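Fold and contact review
Here's the letter readout for the chains.
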Amino acid sequence: MTNTTTMRSRLTSRARKALLTAAALTVASSALIAGAGQAQAASSWSNGWGTYSNPFRCTNGNDGEAVYFCLYYNSGANGAVWKSPYRLWNFNRTWTAPFERDQYGSNGAGQRVYHNAASAENDTNNCNLGVYSNWNTDGDVTWIPPLRGGNLNSYVKNKNESAALTC
């Protein structure tokens, strides 16, 4: 057994996941800085649009609570919207909050968010949003930088099971 294998076997699942996430962020950041655009891989960045442009859909909820990120039923932030007041969300097969109709889109309103999102917006100033294909922030991921929105990559679009902010 090599030293690398020994060290790998000693890492906890959480530590291994943190290292893999850091490595994925490093690779994705390098590709983005180099101007390579969205990489066709299981982990990719969405260049998308700025959340500061009209329409301002990913803003405070109806009751004034903070919104950290939004998911949309269709690509390009079209269709019904789901606003998250939490930094981490696991979608559930049997229960999850539905997309809601607003003045900009109603297609998909009432549908569960689980396996139905096509685009997302990150409304934070300093955190990256990851939308994942598996439960508990695992599997393929689309990364959305702060104050940006974008379409989910083909690995995550309509296959979303969790989302989380990494600050």
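Refer to the structure above for everything that follows.
One structure accompanies this document, and this report is about it. In this text, all values refer to a predicted model and were calculated from it rather than measured experimentally.

What follows is about the pattern of salt bridges. Evaluated as defined, the whole model comprises 1 salt bridge. Its salt-bridge partner being Asp102, residue Arg57 comes within 2.9 Å of it at the nearest N-O pair. Within this pair, whereas Arg57 is found in the loop between β2 (49-50) and β3 (69-74), its partner Asp102 is found in the loop between β5 (88-90) and β6 (119-122), the two being separated by 45 residues in sequence.

Ordered by their spatial adjacency, 5 strands build an open sheet running β1-β8-β7-β10-β5, and the pairing between neighbours is mixed. Single-partner strands in this sheet number two, and they are β1 (43-45) and β5. Taken pair by pair, the neighbouring strands of this sheet meet at an average axis angle of 20°, ignoring direction. Sheet topology note: the strand β7 (residues 128-134)/strand β8 (residues 138-144) ladder contains 5 bridges and is antiparallel. When the sheet's bridge partners are listed, Asn134 is paired in β8 with Asp138.

Moving on, we get to the pairing of β6. Covered by surrounding structure in β6 are Ser119 and Glu121 together with Ala120 and Asn122, the residues of both alternating faces. Direction of pairing for β6 relative to strand β9 (residues 148-151): antiparallel, over a ladder of 3 bridges. Across the sheet, the residue bridging to Glu121 is Gly149, located in β9.

Using the criterion set out here, one finds 8 aromatic pairs in the structure. Taking the centre distance of 6.1 Å and the plane angle of 80° together, the rings of Tyr132 and Trp143 count as edge-to-face. Here Tyr132, found in strand β7, pairs with Trp143, found in strand β8; they are 11 residues apart in sequence, far enough to count as distant. Owing to a relative accessible area of 7%, Tyr132 belongs among the buried residues under this scheme. Look at Trp143 and you get buried, because its relative accessible area is 1%. Taken together, the ring pairs in this structure connect Phe69, Trp82, Tyr86, Trp89 and Phe91 into an aromatic cluster.

Evaluation of the coordinates by the stated rule reveals 2 disulfides. The partner cysteine of Cys58 in its disulfide is Cys70, sulfur to sulfur 2.3 Å. Judged by the torsion about the S-S bond (95°), the Cys58/Cys70 disulfide is right-handed. On the criterion of sequence distance, the pair formed by Cys58 in the loop between β2 and β3 and Cys70 in strand β3 is long-range, its members being 12 residues apart. There is no split in this pair, since Cys58 and Cys70 are both buried. Look at the protein chain and number its bonded cysteines as they come in the sequence; the links are 1-2, 3-4.

This paragraph deals with the side chain of Ser162. Relative to the assigned elements, Ser162 resides in strand β10 (residues 162-166). Among the polar contacts made by the side chain of Ser162, one reaches the main-chain amide nitrogen of Thr137 at a distance of 2.9 Å. Sequence-distant contacts of Ser162, defined by excluding residues within four places in its chain, comprise Trp89, Asn90, Phe91, Gly130, Val131, Tyr132, Asn134, Trp135, Asn136, Thr137 and Asp138.

Right, let's talk about the nonpolar core for a bit. Leu71, Trp82, Phe91, Leu129 and Val131 are the most contacted members of the largest nonpolar core, which totals 20 residues. If you list the elements that add at least two residues to this core, you get β3, β4 (78-84), β7 and β10. Once residues within four sequence positions are removed from consideration, Trp82 is found in contact with Phe69, Cys70, Leu71, Trp89, Phe91, Ala97, Pro98, Phe99 and Val113. The next biggest cluster of nonpolar side chains, apart from the first, holds 6 residues, and it includes Cys70, Tyr72, Ala77 and Val81.

Parameters at a glance
Residues numbered from 1 in each chain as written. Predicted model: local features only at pLDDT ≥ 70, side-chain atom pairs only at ≥ 80, totals over all residues. Heavy atoms only, no water. Salt bridge = Lys/Arg side-chain N within 4 Å of Asp/Glu carboxyl O. Helix = DSSP H or I, 4+ residues; strand = E, 2+ residues; numbered from the N terminus. Pairing = 2+ DSSP bridges. Axes fitted to C-alpha atoms, helices over the stretch in contact; angles between N-to-C directions. Buried < 20%, exposed > 50% of the residue type's maximum accessible area, 1.4 Å probe, protein only. Phe/Tyr/Trp six-rings, centres within 6.5 Å; stacked < 30°, edge-to-face > 60°. Disulfide = S-S within 2.5 Å. Polar contact = N/O pair within 3.5 Å; in protein donor to acceptor, adjacent residues only side chain to side chain. Contact = heavy atoms within 4.5 Å. Core = buried A, V, L, I, M, F, W, Y, C linked by side-chain atoms within 4.5 Å.

Nothing here speaks to function; it is geometry throughout.
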